[in-house]
Amino acid sequence: MTWEEMSPLLWEATGQTAQMVVWSTLFTVLSGLPLGVALVVTDRGGLLPSRPLNAVLGMIVNVGRSLPFIVLMIAVIPLTRLIVGTTIGTFAAVVPLTLGAAPFFARLVETALREVGRDTVQAAQAMGAGRWTIVGKVLLPEARSGLVAGLTVTVVALISYSAMAGVIGGGGLGDLAIRYGYQRFETTLMVVTVIVLIVLVQLVQTLGDAVARRLARR
């Protein structure tokens, strides 16, 4: 296969991968961030301690993290069809991608928030700040560097997950590698696909590290 033949395929697949990663990242943050905050505030000594609720949330997160992504994709096919109307295509892949990444990101959010010193929280309480004011104006701003680092790790994981989504027709670079690199023995295209994935991961990691370091200095 010549470069002229590979180029359109690579551009289309890269665009599909970018769509999957962007949309799933958005939904992962919208669901994983509140879940991570809830794990911290409902824990013993938290702002709103509730052992039963914390145990339930912890179990949900642990179950989500324990499932291999390929198994999760197949298990949620009925849910994907219910939400999107189909189980094939880029947007259909966003459902299992989000469900796989949200519990992972929630644990990273929890870890980042726990690194905020208790003295900082106690100082805010002494000044009369309410629980959610402390979350929004103390915990999250103080943990922003760790949150960005956690988001970076999550996006890198989503790029890897999106490649596996090609197994069930999710499109993207993984689908391209399977259809051409594996089934049609186009070794050159397979190698180029791997290189593109490596470049995407390096770009995301470099940008995320830069932003996290900048926020840590403030």
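Residues numbered from 1 in each chain as written. Predicted model: local features only at pLDDT ≥ 70, side-chain atom pairs only at ≥ 80, totals over all residues. Heavy atoms only, no water.

- The protein has the name D-methionine transport system permease protein in an unreviewed UniProt entry, where Planomonospora venezuelensis is given as its organism.
- Per UniProt, the comment on the protein under Subcellular location (unreviewed entry) is "Cell membrane".
- Under the Sequence similarities (unreviewed entry) heading, UniProt states for the protein: "Belongs to the binding-protein-dependent transport system permease family. CysTW subfamily." (UniProt positions renumbered as here; feature names shortened; annotations may be inferred.)

Here we look at the UniProt feature "domain: ABC transmembrane type-1" (unreviewed entry) in the protein
Okay, so step 1: Those places that UniProt annotates as "domain: ABC transmembrane type-1" (unreviewed entry) correspond, in this numbering, to residues 14–208.
Okay, so step 2: Overall, residues 14–208 shows 82% helix and 0% strand. The separation of its end C-alpha atoms is 20 Å. (Helix = DSSP H or I, 4+ residues; strand = E, 2+ residues; numbered from the N terminus.)

What to know about the nonpolar core
Okay, so step 1: Membership of the largest hydrophobic core comes to 17 residues, with the highest contact counts inside it found for Leu47, Leu113, Ile134, Val135, Leu139 and Ala143.
Okay, so step 2: Of all the secondary-structure elements, those providing two or more residues to this core are helix H1 (3–41), helix H5 (90–114), helix H6 (118–126) and helix H7 (131–142).
Okay, so step 3: Ignoring anything within four residues of it in the chain, the contact list for alanine 143 reads Ala112, Leu113 and Val116.
Okay, so step 4: Leu72, Met73, Leu158 and Ala165 belong to the second largest nonpolar core, which has 11 residues in total. (Core = buried A, V, L, I, M, F, W, Y, C linked by side-chain atoms within 4.5 Å. Buried < 20%, exposed > 50% of the residue type's maximum accessible area, 1.4 Å probe, protein only. Contact = heavy atoms within 4.5 Å.)

Considerations on the pattern of salt bridges
Okay, so step 1: By the definition in use, this model includes 4 salt bridges.
Okay, so step 2: Notably, a salt bridge pairs arginine 107 with glutamate 110, separated by 2.6 Å at the nearest N-O pair. With arginine 107 and glutamate 110 both in helix H5 and 3 residues apart, the pair spans about one turn of that helix. In this pair, the class of arginine 107 matches that of glutamate 110, namely buried.
Okay, so step 3: Between arginine 114 and glutamate 110 there is a salt bridge whose closest N-O contact spans 2.8 Å. Within this pair, arginine 114 and its partner glutamate 110 are both found in helix H5, separated by 4 residues, close to a single helical turn.
Okay, so step 4: Several salt bridges share partner residues, and in doing so they unite Asp43, Arg107, Glu110 and Arg114 into one network. (Salt bridge = Lys/Arg side-chain N within 4 Å of Asp/Glu carboxyl O.)

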